[in-house]
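Observations on the three-dimensional arrangement
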Amino acid sequence: GDSVTQMEGPVTLSEEAFLTINCTYTATGYPSLFWYVQYPGEGLQLLLKATKADDKGSNKGFEATYRKETTSFHLEKGSVQVSDSAVYFCALSDRSRNSGYALNFGKGTSLLVTP
Amino acid sequence: EAQVTQNPRYLITVTGKKLTVTCSQNMNHEYMSWYRQDPGLGLRQIYYSMNVEVTDKGDVPEGYKVSRKEKRNFPLILESPSPNQTSLYFCASSFSGTSNQPQHFGDGTRLSIL
């Protein structure tokens, strides 16, 4: 079945450091890929998405490129801020099942950015 | 403001006492879904609804019921809660049930079943 694997955290970085959170996936069809962010005490918010191979999603300085050849969707940011501290989830959705669809989530990567 | 609203945000209750978690969205979305989030297991889908009066099981439906009588509401019902249903629950909605549509999440409901 479909699955998402992302690097385990926690990840601790100093402010202005470069961020990479790795995400790889397995899927039987042609999935759409997402990154969601969860701030403490809040629900998940869509950060960015890509719906086909070679698409690049970007938002708030974060970027991720849909790489079909490596089945990856790594999240990057050139200079993190303290306010980026949160849990990041990689997810895919694939209509390969007979009815409906769900988001398949990775287990999440906790990021802590220190001043 | 476009949002998904869940109530209550927190609930502590006892085994066997029926409870309902409400979910409402104001975006006229067709698709709604419930997830539970557990440490080490991530988020797993419980039930989803493609439209009014259309619901189906997700990956972990046992012990839960849902209904979709109106487009905006999608309550989650635990008829006889048990301690293994202690979890953080999220309702989500999207414009349609197609895979490229992002889902919008509520702020979550933390349930503790004693």
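This section reports on the structure supplied with the text. (Residues numbered from 1 in each chain as written. Chains lettered and ligands numbered in written order. Predicted model: local features only at pLDDT ≥ 70, side-chain atom pairs only at ≥ 80, totals over all residues. Heavy atoms only, no water.)

Quick word on the sheet that holds strand β8 (residues 62-65) of chain A
All names here are of chain A. In space, the four strands of this open sheet follow the order β3-β9-β8-β7, with antiparallel pairing throughout. Strands with a single pairing partner mark the edges of an open sheet, and in this sheet they are β3 (19-21) and β7 (56-59). Taken over all neighbouring pairs, the strand axes of this sheet differ in orientation by 15° on average, direction set aside. Bridge analysis of β7 against β8 gives four bridges, and the strand direction is antiparallel. Across the sheet, residue Ser-58 finds its bridge partner in β8, namely Glu-63. (Pairing = 2+ DSSP bridges. Helix = DSSP H or I, 4+ residues; strand = E, 2+ residues; numbered from the N terminus. Axes fitted to C-alpha atoms, helices over the stretch in contact; angles between N-to-C directions.)

Focus on the pattern of salt bridges
Scanning all chains against the criterion turns up six salt bridges over all chains. For Asp-55 of chain A, the salt bridge goes to Lys-52 of chain A, with nearest N and O atoms at 3.3 Å. Here Asp-38 of chain B ties to Arg-36 of chain B by a salt bridge, and the two come within 2.8 Å at their closest N and O atoms. The class for Arg-36 of chain B is buried, based on a relative accessible area of 8%. Each of Arg-36, Asp-38 and Arg-44 of chain B takes part in a single network of salt bridges with overlapping partners. (Salt bridge = Lys/Arg side-chain N within 4 Å of Asp/Glu carboxyl O. Buried < 20%, exposed > 50% of the residue type's maximum accessible area, 1.4 Å probe, protein only.)

Some remarks on the packing of aromatic side chains
All names here are of chain B. With the rule as written, the count across this model stands at 12 aromatic pairs over all chains. On the basis of an interplanar angle of 20° and a centroid distance of 6.0 Å, the ring pair of Tyr-31 and Tyr-48 is categorised as stacked. Here Tyr-48 lies in strand β5 (residues 42-51) and Tyr-31 lies in strand β4 (residues 31-38), a separation of 17 residues in the sequence. Residues Phe-90 and Phe-105 carry aromatic rings whose centres are separated by 6.4 Å and whose planes lie at 80° to one another, so their mutual orientation is edge-to-face. (Phe/Tyr/Trp six-rings, centres within 6.5 Å; stacked < 30°, edge-to-face > 60°.)

With respect to a nonpolar patch on the surface
Residue and element names in this part refer to chain B. A cluster of nonpolar side chains, Ile-12, Val-14 and Leu-114, forms an exposed patch at the surface whose accessible area comes to about 330 Å². Relative to the helices and strands, Val-14 resides in the loop between β2 (10-13) and β3 (19-25). On the basis of relative accessibility, which here comes to 45%, the residue Val-14 falls in the partly exposed class. (Patch = residues over 30% accessible without salt bridge, like charges linked within 9 Å, V, L, I, M, F, W, Y side chains within 5 Å. Areas by Shrake-Rupley, 256 points an atom, 1.4 Å probe, with all protein chains shown as cover.)

So, the nonpolar core
If you look at the biggest cluster of nonpolar residues, it comprises 26 residues, and the most contacted ones within it are Trp-35, Leu-48, Phe-73, Leu-75 and Tyr-88 of chain A. Listing elements by their share of this core, those giving two or more residues are β2 (11-14), β3, β4 (23-26), β5 (32-38), β6 (44-50), β8, β10 (86-93) and β12 (109-114) of chain A. Sort the elements by how many residues they give to this core and β10 of chain A lands first, with four residues. Contact partners of Leu-48 of chain A, with chain neighbours within four places excluded, come to Leu-33, Phe-34, Trp-35, Gly-57, Ser-58, Asn-59, Phe-62, Glu-63, Ala-64, Phe-73 and Leu-75 of chain A. The next biggest cluster of nonpolar side chains, apart from the first, holds 19 residues, and it includes Val-21, Ile-46, Leu-76 and Cys-91 of chain B. (Core = buried A, V, L, I, M, F, W, Y, C linked by side-chain atoms within 4.5 Å. Contact = heavy atoms within 4.5 Å.)

What to know about the state of the cysteines
Residues and elements named next belong to chain A. With the rule as written, the count across this model stands at two disulfides over all chains. Across the disulfide from Cys-23 sits Cys-90; the S-S distance is 1.9 Å. On the sign convention where negative is left-handed, the bridge of Cys-23 and Cys-90, at about -65° about the S-S bond, is left-handed. With a gap of 67 residues between them, Cys-23 in strand β4 and Cys-90 in strand β10 connect regions that are remote in the sequence. (Disulfide = S-S within 2.5 Å.)

This is a description of form; function is not addressed.
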